[in-house]
Structure formats: structure tokens, C-alpha cells
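Listed here are the chains, written in short residue letters.
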Amino acid sequence: MRTLDELLAAGKVERDVPLGPLSTYRRGGPARWFLRAESSDDLRIVVPDDVPVLVLGRGSNLVVASSGFDGLVVHLPSSSAGLVIDGVDVDAPGGCPLPLLARRTAAEGVGGFAWYVGIPGSVGGAIRMNAGCHGSDTSDVLVAATVWHLHTGVEDRRGPEGLDLSYRHSNLTDDELVLSASFRGVPSTPADEESAMREVTRWRRETQPG
Ligand SMILES: Cc1cc2nc3c(=O)[nH]c(=O)nc-3n(C[C@H](O)[C@H](O)[C@H](O)COP(=O)(O)OP(=O)(O)OC[C@H]3O[C@@H](n4cnc5c(N)ncnc54)[C@H](O)[C@@H]3O)c2cc1C
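Right, let's walk through the structure included here. (Residues numbered from 1 in each chain as written. Predicted model: local features only at pLDDT ≥ 70, side-chain atom pairs only at ≥ 80, totals over all residues. Heavy atoms only, no water.)

## Examining the site of the ligand
Neighbouring the ligand are 28 residues; Val-55, Ser-60, Ser-122, Met-129 and Gly-132 lie closest to it. Note that an oxygen atom of the ligand is positioned 2.6 Å from one of the side-chain N or O atoms of Ser-60. Residue Ser-122 places a side-chain N or O atom 2.6 Å away from an oxygen atom belonging to the ligand. The fraction of the free accessible surface of the ligand (970 Å²) that becomes covered by protein chains is 87%. Mapping the ligand onto the cavity grids shows that it belongs to the largest pocket. Elements with a contribution of two residues or more to the shell around the ligand: strand S5 (53-56), helix H4 (123-128), strand S10 (132-133) and strand S14 (176-184). (Near = heavy atom within 4 Å. Polar contact = N/O pair within 3.5 Å; in protein donor to acceptor, adjacent residues only side chain to side chain. Areas by Shrake-Rupley, 256 points an atom, 1.4 Å probe, with all protein chains shown as cover. 1 Å grid on protein atoms, 1.4 Å probe; cavity = no way out; pocket = protein on both sides within 12 Å on 5 of 7 lines; lining within 4 Å. Sits in = over half its atoms within 2 Å of the grid points. Helix = DSSP H or I, 4+ residues; strand = E, 2+ residues; numbered from the N terminus.)

The structure is reproduced here in C-alpha cells:
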């Protein structure tokens, strides 16, 4: 665990980083401080209470003010490193892209995740808002999330009830970061899941604006 002061002294935190290019809407000013995390160890940091924090996943559900963010932005690596599929049990890092989670589970014949193929966010972002579509929600497949509190350095693990997941809602606060999550799917076949992903993609093309 490292403090913001240690990270600043080590040159690990960048200053005045434009946030627009990191969001789908490509708008918004700079972050005062920006931590480009490369691994989950980089994410276990403690930030003073008076420094606002913003956890940034894939930026697909974020509108950044033109004045930027006067605090620390913690950017998760957009990677499937650490994604483990064991039978129908799936462990995924918080920054794992949802379409990748859908494709990797499909390839292993694990059902329950195909609908993620059309959502351009990350695992952590999906848990924060209990993302869903096509009749499914994140709460349907989530077993538990490992959550790091950026202001206290306390880590805890919460299931769907502990996260108070309901329609597009969780009780995660701005200073809580999803490090990783465990999911449980259902037995299926790669062919059935490929077909389910094709159907989701077709449905989204026909019904969704973007
Ligand atoms: C074209 C398009 C289609 C979409 N379709 C759907 C849809 O069908 N269903 C749906 O539910 N949503 C949809 N979304 C919204 C969005 O993709 C989801 O909400 C997604 O889960 C957000 O993930 P993200 O990583 O992009 O989050 P970000 O935009 O980076 O952040 C959004 C919020 O989540 C928080 N957050 C991000 N990562 C973490 C983390 N690791 N730990 C804690 N908090 C975190 C951020 O602090 C912020 O409050 C769509 C968006 C677009 C642009």
C-alpha cells in the first residue's frame, strides 16, 4: 500500500492529464493528478481525505466537466490479465473490458455473460451501476466484488446484497474502487454462446442509437 505523497515523490503520478481522450464522449478538462495503474498492486493506494478521487474505467459512462477534475484520477488497466475461468466460476480484474469477458467465457462454454458483448465498459464500471441489458443485470452473475477504499486503505469483499445492487444502482461511493470480482455463470457450449452474442449484437444494432 502506498500513499499519494510517496507516489508523487516517485514520479508515478502525472499532472494535468486531459481526460477527454479517455472518455467515450471525448470531452472534458484535465485531471490535477493522474495515476495510470498497471496492476492491482498499483491500485492499493491511500489518498488524504481532502483530496477528491475519481475512479476511471473505460470512460463509457462518464461526462467530464470542461474545468476538469481537481483531484486524483485513478485509471484502471484495461486488460484481462488475471482473468481466470474455472468451470463456471470466473474471476476478473476490475479493469477487464466487458466485451472481452463475454468472448472469453463464451469460448470456454460458460453461459450468462453473452450480453456483456455490447457494453463498452469495464467490470468495475458495470458493478458500480449494476449494468445490464437484454434482460440481464450484473447482479445476476456477480458472486462478490473486492473493493478497495482509497481514503482509508481498507479492503473488503461484498456480494450483490452487500453492494445493495438494484436497477442501475450500487452503494459504491466515489472513493471505493473495485479491484476484482468473482462471477458464476452456467454450463453452456461455445456454439450456443457465440450464437447468443450474435443475437445481442444484432438486437443492439437494430434498437440502440450508438
Ligand atoms: C454505446 C454505449 C452503450 C452502452 N450500453 C449500456 C447498456 O446496454 N447497459 C448498461 O448498463 N450500460 C451501458 N452503457 C454505459 C456503460 O458502458 C456502462 O455503465 C459501463 O459499465 C461503464 O463502465 P466504464 O468502465 O466505462 O465506467 P466509467 O465510465 O469509467 O465510470 C463510470 C462510473 O463507474 C465508476 N467506476 C469505473 N470503474 C470502477 C471501478 N473499478 N471501481 C469502482 N468504480 C468504478 C466511475 O468512478 C464512474 O462513477 C453504454 C455506454 C455506451 C457508450
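## Re the pairing of strand S3 (residues 30-36)
Bridge analysis of strand S2 (residues 13-18) against S3 gives five bridges, and the strand direction is antiparallel. From the neighbouring strand, Glu-14 faces S3, where its bridge partner is Phe-34. Sheet topology note: the S3/strand S6 (residues 69-75) ladder contains five bridges and is parallel. Its bridge partner being in S6, Trp-33 is matched across the sheet by Leu-72. (Pairing = 2+ DSSP bridges.)

## Thoughts on helix H3 (residues 98-107)
Among all positions in H3, only Leu-98, Pro-99, Leu-101, Ala-102, Thr-105 and Ala-106 are buried. Each buried residue of H3 lies within a common arc of 160 degrees when the element is viewed along its axis, so the set occupies one face. The inward-facing, buried residues of H3 abut strand S7 (84-86), strand S8 (89-93), strand S9 (110-111), H4, S14 and helix H6 (190-207). Positioned one or two residues after H3, Gly-109 has a phi angle of 75 degrees, which is positive. (Buried < 20%, exposed > 50% of the residue type's maximum accessible area, 1.4 Å probe, protein only. Arc of directions from axis to C-beta. Contact = heavy atoms within 4.5 Å.)

## Some points on the nonpolar core
Membership of the largest hydrophobic core comes to 32 residues, with the highest contact counts inside it found for Leu-101, Phe-113, Tyr-116, Val-123, Ile-127 and Phe-183. Of all elements in the fold, only S8, H3, H4, strand S12 (142-149), S14 and H6 reach the threshold of two or more residues within this core. Take this core: its biggest share by element is four residues, from H3. Residues contacting Tyr-116, with those up to four places away along its chain left out, are Leu-98, Pro-99, Leu-101, Ala-102, Ala-126, Thr-138, Val-141 and Phe-183. (Core = buried A, V, L, I, M, F, W, Y, C linked by side-chain atoms within 4.5 Å.)

## Section: the pattern of salt bridges
Tallied over the full model, the rule gives 11 salt bridges. Where Asp-89 meets Arg-184, a salt bridge forms, and the shortest distance between an N and an O atom there is 2.7 Å. Of this pair, Asp-89 sits in strand S8 while Arg-184 sits in strand S14, and the two are 95 residues apart along the sequence. Salt-bridge contacts for Asp-137 lead to Arg-168; the nearest nitrogen and oxygen are separated by 3.0 Å. Here Arg-168 lies in the loop between strand S13 (155-158) and S14 and Asp-137 lies in strand S11 (residues 136-137), a separation of 31 residues in the sequence. By relative accessible area, Asp-137 is classed as partly exposed at 21%. Linked through salt bridges whose partners overlap, the residues forming this network are Asp-41, Arg-44 and Glu-155. (Salt bridge = Lys/Arg side-chain N within 4 Å of Asp/Glu carboxyl O.)

Bear in mind that shape data such as this cannot, by itself, settle questions of function.
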